Amino acid sequence: MKTRSVWQKTKTFFSLFLDQLHAPFSETGSICIVGASDGKFVLPLTERGWRVIAIEVDNTALYGGPVEFPETGQQEILGLIKRLRIEGLEQHIEIINDDFLVCRVPGPCSAVFTSCSWHYSRNRHRPILEFIERMQAIVEEGGIFCAEYMMPCEPQHEGKEHYLKEGELRKHFTRDWEVMEEFYTVPFVEEAHVGNLVDHIHRMGFFIARKVI
């Protein structure tokens, strides 16, 4: 690719989600990315020929603009739309500039994926179960739900439901779902990046399930 996401170096298990997308889905299906940001996950999917629904509420992530980088200070970023244009990947993508919890999502979708979006302050005014159930609701039969999420690893995270503990996500999946993979990292140090300008500690969970036909 000619361009690069400003989040490219942050930890992800997205490749495990990609591994599941060889399964047969409906011809009209699409992949929904909740929290599309500047395209870290969107562009690899569109490059592989998938129809993508990209949902992002942050205007700078979509349209570009100034953001604060560690060490180098404020710089302009391209944003998702410009990255898609430069890479020639504008086809087969629908961008929704809105809050996932209130917007209309074309569906059902073959798969839905989100990466560490639940814990953001803009989402904490709504119960995390609303977020989970809305993601579940847009997945077609035989389709995939996948989320990687932040877990509590520092005192300020304790008691906050948007930082899920081990096993908590699985409780929200009935027999209509087959849990395919679930694991948790140990606490690790992530280098400073856009949005968190100093080195910091994270702990992540990964969960993937298929909706039973």
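Before reading further, recall that the structure is shown in the block above.
Conventions and cut-offs
- Residues numbered from 1 in each chain as written.
- Predicted model: local features only at pLDDT ≥ 70, side-chain atom pairs only at ≥ 80, totals over all residues.
- Heavy atoms only, no water.
- Helix = DSSP H or I, 4+ residues; strand = E, 2+ residues; numbered from the N terminus.
- Buried < 20%, exposed > 50% of the residue type's maximum accessible area, 1.4 Å probe, protein only.
- 1 Å grid on protein atoms, 1.4 Å probe; cavity = no way out; pocket = protein on both sides within 12 Å on 5 of 7 lines; lining within 4 Å.
- Points joined across faces, edges and corners; volume = space filled by probe spheres on them.
- Nonpolar A, V, L, I, M, F, W, Y, C, P; charged D, E, K, R; others polar.
- Pairing = 2+ DSSP bridges.
- Axes fitted to C-alpha atoms, helices over the stretch in contact; angles between N-to-C directions.
- Contact = heavy atoms within 4.5 Å.
- Salt bridge = Lys/Arg side-chain N within 4 Å of Asp/Glu carboxyl O.
- Phe/Tyr/Trp six-rings, centres within 6.5 Å; stacked < 30°, edge-to-face > 60°.
- Lys NZ or Arg CZ within 6 Å of the ring centre and 35° of its normal.

How would you summarise unusual backbone geometry if you had to cite specific residues and measurements?
Despite not being glycine, Ser 37 shows a phi value in the positive range, around 50°. Assignment of secondary structure puts Ser 37 in the loop between strand S1 (31-34) and helix H2 (42-47). With a relative accessible area of 16%, Ser 37 lands in the buried category. Residue Glu 71 is not a glycine yet carries a positive backbone phi of 75°.

With reference to specific residues and values, describe the layout of surface pockets.
Quantified by volume, the largest pocket comes out at close to 1100 Å³. What lines the largest pocket is a set of 49 residues, among which Trp 7, Ser 115, Cys 116, Ser 117 and Tyr 120 lie closest to the centre. Broken down by secondary-structure element, the contributors of at least two residues to the lining of the largest pocket are helix H3 (59-63) and strand S10 (200-202). For the lining of the largest pocket, the element with the highest residue contribution is S10, accounting for three residues. Grouping the amino acids of the lining of the largest pocket by side-chain chemistry returns 22 nonpolar, 15 polar and 12 charged.

Could you give an account of the sheet that holds strand S2 (residues 52-55), with specific residues and numbers?
Strand order in the open sheet formed by seven strands is S5-S2-S1-S6-S7-S11-S8, and the pairing between neighbours is mixed. Edge positions in the sheet fall to strand S5 (93-96) and strand S8 (177-184), since each has one partner strand and no second. Averaged over all neighbouring strand pairs, the angle between strand axes comes to 10°, with direction disregarded. Two strands pair when backbone bridges link them, and S1 and S2 are joined in this way by four bridges, in the parallel orientation. Counted as the bridge partner of Ile 33 is Ala 54 from S2. Lying on the sheet, helix H5 (residues 128-137) is in contact with S1, strand S6 (109-115), strand S7 (139-150), S8 and strand S11 (204-211); it crosses S7 at an angle near 150°.

Mind laying out the pattern of salt bridges, listing which residues take part and the relevant values?
For the coordinates displayed, the defined rule picks out six salt bridges. Where Glu 94 meets Arg 51, a salt bridge forms, and the shortest distance between an N and an O atom there is 3.8 Å. You can see Glu 94 sitting in strand S5 and its partner Arg 51 sitting in the loop between H2 and S2, a full 43 residues away along the chain. For Glu 182, the salt bridge is made with Arg 170, and the minimal N-O distance between the two is 2.8 Å. A residue pair is termed long-range when its members are at least 10 positions apart, and Glu 182 in strand S8 and Arg 170 in the loop between S7 and S8 qualify at 12 residues. Among the residues examined, Arg 170 registers a relative accessible area of 41% and is labelled partly exposed.

An account of the packing of aromatic side chains is requested, with residue identities and associated values reported.
A full pass over the atoms with the stated rule returns 16 aromatic pairs. A centroid spacing of 4.9 Å and a plane angle of 85° characterise the contact between Phe 13 and Phe 183, whose relative ring orientation is edge-to-face. A residue pair is termed long-range when its members are at least 10 positions apart, and Phe 13 in the segment before helix H1 (14-19) and Phe 183 in strand S8 qualify at 170 residues. Assessed through its relative accessible area of 16%, Phe 13 is described here as buried. Among the residues examined, Phe 183 registers a relative accessible area of 22% and is labelled partly exposed. An aromatic cluster is defined as three or more aromatic residues linked by ring pairs; in this entry it consists of Phe 14, Phe 17, Phe 41 and Phe 113. If you follow Lys 11 out to its NZ or CZ, it ends over the ring of Phe 188, 5.4 Å from the centre. Across from the ring centre of Phe 100, 5.2 Å away, lies the NZ or CZ of Arg 134, which sits over that ring.

Everything listed here is a matter of geometry and, on its own, says nothing about what the molecule does.
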